[in-house]
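# Fold and contact review
Given next are the chains, with one letter for each unit.
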Amino acid sequence: KHASAVTRGLARLAQAENVLDSPGEQRIEVDAIAKEVSRQLAEMAESRGVAVRITDGLPVMVVDAGKLELVLINLVSNAIKYSDPNKIDRFVQIDAETEPERVLLIVRDNGLGIPLEHRQAIFQRSFRAHAEMDGELGNDGFGMGLTIVQECLRELNGSIDVESTPGDGSRFTIRLPQRNSE
């Protein structure tokens, strides 16, 4: 089991490096990226009873689609992994807001939440806020997901903020520049 986890982790890092090395801004529908992320994580979400919800009318923007997809895969998979098994209705919601010069993509959930003392550390390499619950939740990993998210967003000239309440869930807000999509 550990060897397969190591292999998956290395494959994920290799994928991240390939995405980070491939510039490719294009006009994309965020809705299409969100649906692809949901499709890729459908089996994981179903096995944990988590509904992945995508708000209608997500924006069209000019961005590197591979990097944006990698950001959303990491955020949504974390939300699924740290869903609260004691809640009947478990969900991850992908939403957006637009402002004159930027797009805000929001990934929120009603999972375990992140303790205040771990809030900033979650973006550090190899840090995992709920590692002590791996056995109970059936999780494994290297704590690289949010580090990859932050690196992708740096490459996209974006940023990320987190709000979280233990027991209520988390809200990650991604801020990306809005470029002319014509």
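Computed from a predicted model, the values in this text were never measured in an experiment.

Rules behind the numbers
Residues numbered from 1 in each chain as written. Predicted model: local features only at pLDDT ≥ 70, side-chain atom pairs only at ≥ 80, totals over all residues. Heavy atoms only, no water. Helix = DSSP H or I, 4+ residues; strand = E, 2+ residues; numbered from the N terminus. Buried < 20%, exposed > 50% of the residue type's maximum accessible area, 1.4 Å probe, protein only. Contact = heavy atoms within 4.5 Å. Areas by Shrake-Rupley, 256 points an atom, 1.4 Å probe, with all protein chains shown as cover. Pairing = 2+ DSSP bridges. Axes fitted to C-alpha atoms, helices over the stretch in contact; angles between N-to-C directions. Core = buried A, V, L, I, M, F, W, Y, C linked by side-chain atoms within 4.5 Å. Polar contact = N/O pair within 3.5 Å; in protein donor to acceptor, adjacent residues only side chain to side chain. Arc of directions from axis to C-beta. pLDDT = per-residue confidence, 0-100.

## Focus on the overall build of the protein chain
Looking only at helices and strands, the protein chain features six helices and seven strands. Seen in sequence order, the protein chain has helices and strands lined up from the N terminus as α-β-α-α-β-β-α-β-β-α-α-β-β. The burial tally for the protein chain puts 49% of its 182 residues in the buried class. Counting only contacts in the protein chain whose residues sit at least 6 apart along the sequence, the fraction spanning at least 24 positions is 72%. Of the roughly 9500 Å² that the protein chain leaves accessible, carbon and sulfur atoms contribute 48%.

## A few points about the sheet that holds strand 6 (residues 159-165)
Spatially, the five strands line up as an open sheet ordered 2-4-5-7-6, and their pairing is mixed. On the outer flanks of this sheet lie strand 2 (50-54) and strand 6, each paired with one strand and no other. Geometrically, the sheet is characterised by an average inter-axis angle of 15° between neighbouring strands, direction not taken into account. Across the face of the sheet, helix 2 (residues 30-40) comes into contact with strand 2, strand 4 (90-98) and strand 5 (102-109) while running at roughly 170° to strand 2.

## Let's talk about the nonpolar core
One finds Ile28, Leu68, Leu75, Val76, Leu153, Ile174 and Leu176 to be the most contacted residues of the largest nonpolar core, which totals 38 residues. Broken down by secondary-structure element, the contributors of at least two residues to this core are helix 2, strand 3 (60-64), helix 4 (65-81), strand 4, strand 5, helix 6 (145-155), strand 6 and strand 7 (169-177). Broken down by element, this core gets its largest block of residues, 10 residues, from helix 4. With residues up to four places along the chain from it excluded, the contact list for Leu153 reads Val71, Gly158, Ser159, Ile160, Ile174 and Leu176.

## Concerning unusual backbone geometry
For Asn157, which is not glycine, the phi dihedral falls at a positive 60°. Tracing the chain through its elements places Asn157 in the loop between helix 6 and strand 6. Using a relative accessible area of 58% as the deciding quantity, one classes Asn157 as exposed.

## Some details on the pairing of strand 7
Relative to strand 7, strand 5 is paired through seven bridges, and the arrangement is antiparallel. Across the sheet, the residue bridging to Leu105 is Ile174, located in strand 7. Sheet analysis places strand 6 next to strand 7, joined by seven bridges and oriented antiparallel. The residue bridging Ile160 from the neighbouring strand is Ile174, located in strand 7. Between the end of strand 6 and the start of strand 7, which pair antiparallel, lie three residues, with Gly167 showing a positive phi angle near 90°.

## Thoughts on the environment of Asp64
One can find Asp64 in strand 3. For the pair Asp64 and Ile28, spaced 36 residues apart in the sequence, the C-alpha separation amounts to 8.5 Å. Among the polar contacts made by the side chain of Asp64, one reaches the main-chain amide nitrogen of Lys67 at a distance of 3.1 Å.

## What about helix 2?
Three or more residues of helix 2 are buried, namely Val30, Asp31, Ile33, Ala34, Val37 and Ser38. For helix 2, the angular spread of the buried residues around the axis is 165°, confining them to a single face.

## Quick notes on the confidence of the model for the protein chain
Taken as a whole, the protein chain shows an average pLDDT of 79; of its residues, 71% reach a score of 70 or greater. Mean pLDDT values for the elements of the protein chain range from 47 in helix 5 (residues 134-137) up to 97 in strand 2. Within the model, the stretch residues 130-139 combines pLDDT values under 50 with 20 contacts to residues more than four positions away or in other chains.

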